[in-house]
Amino acid sequence: MQVADLSDGVDPSLAVNLCGVELANPTILASGILGTCTGVLRRVARNGAGAVTIKSIGMDPRSGHNNPTVIAFEAGLMNAVGYSNPGAEVALEQFAGIDDVGVPVIGSVIGTEPDDFARVIDIIGALPFAAFELPLSCPHTPGFGLLAGQGTPEATEAIAKAVRKATDKPVIVKVSPSVSRLGDVARAAEAGGADAICAVNSLGPGMLVDIETRQPILDFKVGGVTGPALRPIALRCVYDIYEAVKIPIIGVGGISTGRHAIEMMMVGAAAVGIGSGVYYEGVGVFGDVCREMRGWMADNGVSSLSEIVGVAHG
Amino acid sequence: MVELPRAFRVLSVESEGEGVSSLWLDGRIEYAPGQFVMVWLPREGGKPYAVSYREENRFAITVKERGPVSAMLARIEPGTHIGVRGPYGRGFDLREKGCIVAGSVGIATVAAIKDMYPAMPLLIGARTAAELMYAERFKDMRIFTDDGSAGARGFPTEALPGLLDGGGIEVVYTCGPEPMMAAVFRLCEERNIECQASLERYMKCGFGVCGQCACDGLLVCQDGPVFGSGVLRKLGDFGEAALRKDGRRVSVGEYAQAGSVQNPEPEDPAS
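Cut-offs used in this document
- Residues numbered from 1 in each chain as written.
- Chains lettered and ligands numbered in written order.
- Predicted model: local features only at pLDDT ≥ 70, side-chain atom pairs only at ≥ 80, totals over all residues.
- Heavy atoms only, no water.
- Helix = DSSP H or I, 4+ residues; strand = E, 2+ residues; numbered from the N terminus.
- Rg over C-alpha atoms; globule rule 2.2 N^0.38 Å.
- Buried < 20%, exposed > 50% of the residue type's maximum accessible area, 1.4 Å probe, protein only.
- Contact = heavy atoms within 4.5 Å.
- Areas by Shrake-Rupley, 256 points an atom, 1.4 Å probe, with all protein chains shown as cover.
- Lys, Arg positive; Asp, Glu negative; His and termini not counted.
- Charge placed at Lys NZ, Arg CZ, Asp CG, Glu CD.
- Disulfide = S-S within 2.5 Å.
- Buried area = accessible area lost by both parts, 1.4 Å probe.
- Salt bridge = Lys/Arg side-chain N within 4 Å of Asp/Glu carboxyl O.
- Polar contact = N/O pair within 3.5 Å; in protein donor to acceptor, adjacent residues only side chain to side chain.
- Pairing = 2+ DSSP bridges.
- Axes fitted to C-alpha atoms, helices over the stretch in contact; angles between N-to-C directions.

### With respect to the overall build of chain A
Line of reasoning, step 1. When helices and strands are tallied, chain A shows nine helices and 16 strands.
Line of reasoning, step 2. Computed over the C-alpha atoms, the radius of gyration of chain A is 18 Å, within 12% of the 20 Å expected from 2.2 N^0.38 for a compact globule of 314 residues.
Line of reasoning, step 3. Looking at chain A as a whole, 62% of its 314 residues qualify as buried.
Line of reasoning, step 4. The long-range fraction of contacts in chain A, counting pairs at least 24 apart against all pairs at least 6 apart in sequence, stands at 71%.
Line of reasoning, step 5. About 11,200 Å² of surface is accessible on chain A, with carbon and sulfur atoms providing 50% of the total.
Line of reasoning, step 6. Distance between charge centres in chain A, computed from 21 positive and 32 negative side chains, equals 3 Å.

Spelled out as structure tokens, the structure:
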């Protein structure tokens, strides 16, 4: 990496404004990685994340699936955690300290019916979440996401509408890479009042088998694929969504370097989620990605990220 | 980088005491005392365990029957294959001039230290004589039982001050119920003696991504399971709070009861 020559007048800024939320940099901790309590969220913030997303909360507590729940194979991670969470009432207490985290905190909310999502927000909305993210796209939990038919344009619009009524905060809809009409799903979220799209949730589901015990390794047998295997899919999804909607996109899927982040922004992401990158590079990945981005920007005369968002489109 | 189980054949299951057995596995594993492995019983579940015995061509985990998975592991048929991922985590910083305080099945975690330093004093607390483990393995252990049915009646922490005040001990290694370890740590702090505690938390991934084992901002699977005095001093959740399987933060007392046969984890609604 060349040392940046700032005398050229290029002072790269990573600051982004996402739906009115000011982020010092575009890296966001993805939901489902680490975000189980405020102590860990604070640690991620200290390690350079521009924002953090909590682990998804629903109305009722869930233990989630039995172990094995997360494994890593040669091209990524595979998980079937199953939306374990303490439920909205407990989450209200457990995340009470989020204003100490130091960066904006996004509340991820799940539900089985459109009204569930709104009910969760009615409860945890008392906390200073910067935005709410609705994953409508989990491939491996019965009752939620794809297994509950939430990945259709119709369901997406209904859920976005229900949540739109429940909060003035920015509403982010997180979509699946596995749905057939992704552009329509994104447009439905936009029509329902969503302020941003998060693309994408995990891929698949997939399966891995241990040949000595002759059993699928995850206890749920199948799981969502993330990490490097997901990255080209996520890039293509963000590219397609960018053509379909006007609202900003958080691009997520296998990002672990500054170059990956810039690539994702070039296909249309205004900010980037990092999840599996924590496995590959450690919790310091956020600061490392930012340093690399600034270095690339300085080398290429880019002073603001708005100069590169979507430039891969003709 | 992969996190996939290696299959090992169960050679035998040996009783270590009431409700406790060691599963001997055919093969070798790299392992530093204080680390853990994620054990997978296909179709049943997976849990973290210490490697409690390590020999040339076989090794063992010691399982206390508590909940559904440990109960099935204890009844496993020799010849069955189970999966082992890891080893994971940060182990003990080993030194000769130490002593060990263990409680209940925590002795399985510190056994590797005693194997390495056979002369190191080992204080063990068990509820009753029937539940006492490794009495033949470590004949010079100082035994304490709640009911006095073996050794002295009381807790190993009662003997620790005398042992430390006698001099010659630079570090205390401890593993057992968290209130016991917190008491050991306090006694060490009072005497400016280093303490290394091996913590236990509910785990899912075991390799630093899911956040299930969070203890304040640290992950027991990666930053621990062994934590030294410098960290323990600042670790507010040590001796205080742990996350249940659903991620709810509860007292260590409530956590210790959760997931047992008497107090099973609630089933998620079938959808």
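### Regarding the overall build of chain B
Line of reasoning, step 1. The helix and strand tally for chain B stands at six helices and 18 strands.
Line of reasoning, step 2. Taken over the C-alpha trace, chain B has a radius of gyration of 18 Å; the compact-globule value for 271 residues is 18 Å, and the two agree within 12%.
Line of reasoning, step 3. On the principal axes, the C-alpha backbone points of chain B span a range of 55 × 40 × 40 Å.
Line of reasoning, step 4. Put simply, chain B has 271 residues, and 57% of those count as buried.
Line of reasoning, step 5. Sequence-distant contacts, at least 24 apart, represent 57% of the contacts inside chain B between residues at least 6 apart.
Line of reasoning, step 6. Accessible surface computed for chain B: about 11,300 Å², of which carbon and sulfur atoms make up 49%.

### Structural notes on helix α3 (residues 156–165) of chain B
All names here are of chain B.
Line of reasoning, step 1. The element α3 is extensively covered by neighbouring structure, given that seven of its ten residues are classed as buried.
Line of reasoning, step 2. Those residues of α3 that are buried are in contact with β8 (98–103), β9 (122–126), β10 (142–145), β12 (171–175) and α4 (178–190).
Line of reasoning, step 3. Downstream of α3 by one or two residues, Gly-167 has phi in the positive range, about 85°.

### A closer look at the state of the cysteines
Line of reasoning, step 1. All told, the structure shown has zero disulfides over all chains when counted by the stated rule.
Line of reasoning, step 2. The closest cysteine sulfur to the non-disulfide-bonded Cys-290 of chain A is located on Cys-198 of chain A, 17 Å from its own sulfur.
Line of reasoning, step 3. The closest cysteine sulfur to the non-disulfide-bonded Cys-213 of chain B is located on Cys-221 of chain B, 3.7 Å from its own sulfur.

### Some thoughts on the environment of Glu-56 of chain B
All names here are of chain B.
Line of reasoning, step 1. Topologically, Glu-56 is positioned in the loop between β5 (53–54) and β6 (58–64).
Line of reasoning, step 2. The exposure class of Glu-56 is exposed, given its relative accessible area of 56%.
Line of reasoning, step 3. Sequence-wise, Glu-56 and Ile-29 are 27 residues apart; in three dimensions their C-alpha atoms are separated by 9.5 Å.

### Brief notes about the interface of chain A and chain B
For an interface, size is often stated in terms of accessible area lost upon the parts coming together.
Line of reasoning, step 1. At the interface, 42 residues of chain A touch 42 residues of chain B.
Line of reasoning, step 2. Interface area, chain A with chain B, both sides summed: about 3,400 Å², of which 57% is carbon and sulfur.
Line of reasoning, step 3. Sorting the residues of chain A by area buried against chain B places Ser-63, Asn-67 and Tyr-279 of chain A first, and these three jointly supply 19% of that buried surface.
Line of reasoning, step 4. Measuring nitrogen to oxygen at the nearest pair gives 2.8 Å for the salt bridge that ties Asp-223 of chain B to Arg-43 of chain A.
Line of reasoning, step 5. In this structure, the connection of chain A to chain B is made through 17 residue pairs in polar contact (both at pLDDT 80 or more).
Line of reasoning, step 6. Mapped by element, the contributors of at least two residues to the side of chain A that touches chain B are α1 (38–46), β5 (70–73), α2 (88–94), β13 (215–216) and α8 (277–281) of chain A.
Line of reasoning, step 7. In terms of residue count, the dominant contributor to the side of chain A that touches chain B is β5 of chain A (four residues).

### What about the sheet that holds strand β14 (residues 223–226) of chain A?
Residues and elements named next belong to chain A.
Line of reasoning, step 1. Read from one edge of the open sheet, four strands run β5-β6-β14-β11, paired in antiparallel fashion. Sheet topology places β5 and β11 (203–206) at the edges, where each strand pairs with a single neighbour. Here the strands of the sheet are splayed against their neighbours by 30° on average, with no regard to which way each runs.
Line of reasoning, step 2. Here two bridges tie β11 to β14, and the two strands are oriented antiparallel to one another. Looking at the pairing, Leu-203 lines up with Val-225 of β14.

### Considerations on the side chain of Thr-213 of chain A
Line of reasoning, step 1. Topologically, Thr-213 of chain A is positioned in the loop between β12 (209–210) and β13.
Line of reasoning, step 2. Within the local environment of Thr-213 of chain A, its side chain forms a polar contact with the side chain of Asp-210 of chain A, the two groups lying 2.6 Å apart.

### Quick look at the environment of Ser-202 of chain A
All names here are of chain A.
Line of reasoning, step 1. In this structure, Ser-202 sits in the loop between β10 (196–199) and β11.
Line of reasoning, step 2. Taking the C-alpha atoms as reference points, Ser-202 and Val-225, separated by 23 residues in sequence, lie 5.2 Å from one another.
Line of reasoning, step 3. Ignoring sequence-local partners within four residues, the contact set of Ser-202 consists of Pro-139, His-140, Pro-177, Gly-224, Val-225, Thr-226 and Leu-230.

### Let's talk about the pattern of salt bridges
Side-chain pairs of opposite charge can arise where the charged atoms are in close proximity.
Line of reasoning, step 1. Going through the model one piece at a time under the given rule, you end up with 29 salt bridges over all chains.
Line of reasoning, step 2. For the salt bridge of Glu-157 of chain A with Lys-161 of chain A, the shortest nitrogen-to-oxygen distance reads 2.9 Å. Taken as a pair, Glu-157 of chain A and Lys-161 of chain A lie in helix α4 (residues 153–166) at a separation of four residues, close to a single helical turn.
Line of reasoning, step 3. Take Glu-157 of chain A: its relative accessible area is 25%, and that puts it in the partly exposed class.
Line of reasoning, step 4. Salt-bridge contacts for Arg-191 of chain B lead to Asp-165 of chain B; the nearest nitrogen and oxygen are separated by 2.8 Å. Of this pair, Arg-191 of chain B sits in the loop between α4 and β13 (194–198) while Asp-165 of chain B is found in helix α3, placing the two residues 26 residues apart along the sequence.
Line of reasoning, step 5. Since its relative accessible area comes to 24%, Arg-191 of chain B is described here as partly exposed.
Line of reasoning, step 6. Through salt bridges that share partners, Arg-181, Asp-184 and Arg-187 of chain A make up one connected network.

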